[in-house]
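Close look at the chain arrangement
What follows is the residue order along each chain.
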Amino acid sequence: MRTSLLLRLRPRLVELTLAASVALGGCTGVLGADHAADEDGDADGPAACAASPLPLAHLTRDQYDRTVVDLLALDPGEARPSSGFPADDAVEGFSLGLTVSPLLVEKLQAAAEALAARALEHPERIVPCTTEDDACARAFVQAFGARAFRRPITAAEESALLDVYRAAREGGARPFLEGVGLVIEAALSSPQFLYHWPDDGGAAPGSVVALGDHELASRLSYFLWGTMPDDALFAAAAEGRLRTPEDVEAEARRMLEDPRARATTAAFFRELLGVDDIGAINRDPEAFPEFDAALARDLQASLEAFVDDAVWSGGTYDDLFLSRRAFMNARLASFYGVDGDLGDELTPVELDAGTRLGLLTQPALLAKLGKFDQSDPIRRGVFLREKILCQELAPPPANVEFNVPTPAAEPTRTTRERFAAHTSQPGCQGCHALIDPLGFALEGYDALGRYRATENGSPVDATGAIVGTEGADGPVDGGVELAERLASSVDGRACFVEHWFRYAVRRGGSEGDACALESLGDAFEEEGGDVRALLVRIVKSEAFRTRRVAEIAGDGGGEL
């Protein structure tokens, strides 16, 4: 059996597997280092302003799925092998692979075996020769190993992988491709594939180092594409063409022209907005009888189309937050009362300037922030504070009960009246003075994001206020005015920059980040809020191209 063979080979695979236990302890090491820290890595130089230790993290579920498709040349759209993996950790709102459970190990091993079998359905896509002999096996191990580990493999790693192949072929017991399949399975099970390995170049703890060529190539590809480097990026790393900000900019601009960059911006907004499962929205069938699963799926697609259009057709912060466009098909248009002769495909339409403006009034987002049977001004207010303004709210007191009556229990009162009565109780007022005025300004939209002027026969009161910001404070009336003010606020624009920075560096906050964020924010304003220019600025920054070597095992940089 394949499993028993791999178990028998385990002692010989120590180079590939034993490192996993070290990795889980938070240790950093040098595996396949390709160049030492350059002169810019001096801790007293400019890098010291922003560089921080990085957590030792494994591929997230999304990264795993995209990587195996590219590594094994699988057909796009095949089933996601990570669908049964445990959920990723969330750091600063974004996915990061920090936790390894017995269940994850079991799922990874099963996925490796299944993926190896799938790859061998079309071996010509990844095996560089057809002779089916030891020379061909060595060529495969060298080429595949370098791509799987995302750097040149060491002699010890090459020897270990070849031993897997030879054991399978011993005495001619198994055919050539079964030996190749076991090599694939072993590589996919190794920490060198599963982890974003650091490359400290032997630098002292606490010092700042430039990322190694291949480590930086991987960091670029996983930020901009969510997957492994392509051949051109591997070549740039091998030839030392990623050692200056200008080199990195050239590669980043090339990569942003690739469709995979659009998939990455979609993933960023799904995580930031928490809208990866709009299709699973559940609403009270008595209160919303016209809502069904098909409409929910349309909502998801509509929001993703809006974000893609704003970033890639418009390209600026204002396009994202001040656009009146929405994407509708006939079903969505009918549900939301939009006029037009539309079919089954999503089509851009201009919405009423008095009722909709930009991302914050998109129906899908407002629906996601609703409740089963009513709108949810508290959830909407918290979202705006934390995700749009980057203001952290304290958790509610443990002794406070917050059970808002349902519309059925108080049918004559509006949602605002029901919520206001409960947030006025002692112990709630401090935080809710920040939350409620924002959420109440969105009361012109029901639990499914439909615009409404009345509720239960009473006029909707959508007056609110913005407090605690720089340049945006004051009363507001309705979602459009709220969106305009938040979009123009200093805090909102700085928050947007910070979210992209966090998504790029994939670690918690650090004191050293302040100067990087200030520089990125200034450039963002100078460049007219250009989103793609911001991504280029981030990858050119010292904070992205360098890091501080951990002083102690498990120092992951920032609060995780």
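Scroll up a little and you will see the structure.
Our subject in this report is the structure included herewith.

Conventions used here
Residues numbered from 1 in each chain as written. Predicted model: local features only at pLDDT ≥ 70, side-chain atom pairs only at ≥ 80, totals over all residues. Heavy atoms only, no water. Helix = DSSP H or I, 4+ residues; strand = E, 2+ residues; numbered from the N terminus. Buried < 20%, exposed > 50% of the residue type's maximum accessible area, 1.4 Å probe, protein only. Contact = heavy atoms within 4.5 Å. Areas by Shrake-Rupley, 256 points an atom, 1.4 Å probe, with all protein chains shown as cover. Polar contact = N/O pair within 3.5 Å; in protein donor to acceptor, adjacent residues only side chain to side chain. Axes fitted to C-alpha atoms, helices over the stretch in contact; angles between N-to-C directions. Parallel < 35°, antiparallel > 145°, perpendicular 65-115°, else oblique. Left-handed = near helix turned anticlockwise from the far one by under 90°. Nonpolar A, V, L, I, M, F, W, Y, C, P; charged D, E, K, R; others polar. 1 Å grid on protein atoms, 1.4 Å probe; cavity = no way out; pocket = protein on both sides within 12 Å on 5 of 7 lines; lining within 4 Å. Points joined across faces, edges and corners; volume = space filled by probe spheres on them. Arc of directions from axis to C-beta. Salt bridge = Lys/Arg side-chain N within 4 Å of Asp/Glu carboxyl O. Disulfide = S-S within 2.5 Å. Phe/Tyr/Trp six-rings, centres within 6.5 Å; stacked < 30°, edge-to-face > 60°. Lys NZ or Arg CZ within 6 Å of the ring centre and 35° of its normal.

This part covers the overall build of the protein. Across its full length, the protein holds 25 helices and 10 strands. Burial statistics for the protein: of 560 residues in total, 52% are counted as buried. A fraction of 72% describes how many contacts in the protein between residues 6 or more apart in sequence connect residues 24 or more apart. When the accessible surface of the protein is summed, it comes to about 23400 Å², and 52% of that surface belongs to carbon and sulfur atoms.

Looking only at helix α4 (residues 61-71), the buried set comprises Q63, Y64, D65, R66, T67, V68 and L71. Along its buried surface, α4 packs onto α5 (102-119), α6 (134-149), α8 (176-188), α9 (191-194), α10 (213-224) and α13 (259-273). Residue A73 follows α4 closely and has a positive phi angle near 55 degrees.

On to the side chain of R151, then. Counting through the fold element by element, R151 comes out in the loop between α6 and α7 (155-169). Within the structure, the side chain of R151 is placed 2.9 Å from the side chain of E157, a separation counted as a polar contact.

Okay, the packing of helix α22 (residues 490-505) against helix α24 (residues 531-540) next. Where α22 meets α24, the closest approach of the two axes is 10 Å, and the angle between their N-to-C directions is 50 degrees. Classed by the angle they form, the pair α22 and α24 counts as oblique. Pair α22 / α24 crosses with right-handed handedness. Seen from α22, the contacting residues are F496, V497, W500, F501 and A504; seen from α24, they are V531, L534, L535 and I538. Looking at side-chain class alone, the contact of α22 with α24 contains 9 nonpolar, no polar and no charged residues.

Looking now at the side chain of R502. Looking at where R502 falls in the secondary structure, it is placed in helix α22. Here D513 takes part through its side chain, which lies 3.0 Å from a polar atom of the side chain of R502.

Empty pockets left among the atoms are what a rolling probe the size of a water molecule brings to light. Taken as a whole and judged by the stated rule, the model has 6 cavities of 30 Å³ or more. By volume, the largest cavity is sized at about 580 Å³. L54, H196, W197, E215 and R219 are, among the 40 residues lining the largest cavity, the residues nearest its centre. Breaking the lining of the largest cavity down by element, the ones donating at least two residues are β2 (94-96), α10, α22 and β10 (546-548). The greatest single-element share of the lining of the largest cavity, amounting to 6 residues, is contributed by α10. Taken together, the residues of the lining of the largest cavity sort by class into 19 nonpolar, 11 polar and 10 charged.

Glancing now at unusual backbone geometry. Despite not being glycine, E92 shows a phi value in the positive range, around 55 degrees. Summarising the element assignment, E92 is placed in the loop between β1 (89-91) and β2. Backbone geometry places R506, a non-glycine residue, at a positive phi of 50 degrees. In this fold, R506 is placed in the loop between α22 and α23 (513-526).

Turning our attention to the packing of α6 against α7. Where α6 contacts α7, the two axes come as close as 10 Å, and the packing angle between them is 130 degrees. Taken together, the axes of α6 and α7 are oblique relative to one another. For the crossing formed where α6 meets α7, the hand is right-handed. Between α6, through D134, A137, R138, V141, Q142 and F149, and α7, the contact on the second element is made entirely by E157, E158, L161, L162, Y165 and R166. Taken together, the residues of the contact of α6 with α7 sort by class into 6 nonpolar, 1 polar and 5 charged.

When helix α11 (residues 231-238) is considered as a whole, its buried residues turn out to be L233, F234, A236 and A237. In a view along the axis of α11, the buried residues occupy a sector of 160 degrees, so they form one face of it. α11 presents D231 and A238 as exposed residues on the side facing more than 90 degrees away from its buried surface. Positioned one or two residues after α11, G240 has a phi angle of 70 degrees, which is positive.

Within the structure shown, the criterion is met by 39 salt bridges. We note a salt bridge from D65 to R80, for which the minimum N-O separation is 3.1 Å. Of this pair, D65 sits in helix α4 while R80 sits in the loop between α4 and β1; the two residues are 15 residues apart in sequence, bridging distant segments of the chain. Among the charged side chains, a network of salt bridges with common partners joins D62, D65, R66 and R80.

Attention shifts here to the environment of D344. With respect to the element layout, D344 can be found in the loop between α16 (330-336) and β5 (347-350). Judged by relative accessible area, D344 falls into the exposed class, the value being 71%. Each C-alpha atom of the pair D344 and D298 lies 9.9 Å from the other, and the pair is 46 residues apart in sequence.

Under the defined criterion, the tally for this structure stands at 2 disulfides. Here C129 engages in a disulfide with C136; their sulfurs sit 1.9 Å apart. Of note, the bridge from C129 to C136 carries an S-S torsion of about 100 degrees and is right-handed in sense. Residue classification places C136 among the buried residues on the basis of a relative accessible area of 1%. Residue pairing for C390: its cysteine sulfur links by disulfide to C495, the two sulfurs lying 2.0 Å apart. Between C390 and C495, the disulfide has an S-S torsion of 80 degrees and is therefore right-handed. Of the two residues, C390 sits in the loop between α18 (377-388) and α19 (415-423) while C495 sits in helix α22, which places them 105 residues apart along the sequence.

Turning our eyes to something else, we now look at the packing of aromatic side chains. Each aromatic ring pair is characterised by the separation of its centres together with the angle its planes make. Summed over the entire model, instances satisfying the criterion amount to 23 aromatic pairs. The interplanar angle of 75 degrees and the centroid separation of 5.8 Å between the aromatic rings of Y165 and F176 together place this pair among those described as edge-to-face. Here the residue Y165 occupies a position in helix α7, and F176 occupies one in helix α8, the gap between them amounting to 11 residues. The same class applies to Y165 as to F176, namely buried. One aromatic cluster is present, formed by F94, F223, F268, F269, Y317, F321, F496, W500, Y503, F524 and F544 through successive ring pairs. The ring centre of F544 lies 4.9 Å from the NZ or CZ of R219, which sits over that ring.

None of the figures reported here should be taken as evidence of function without further support.
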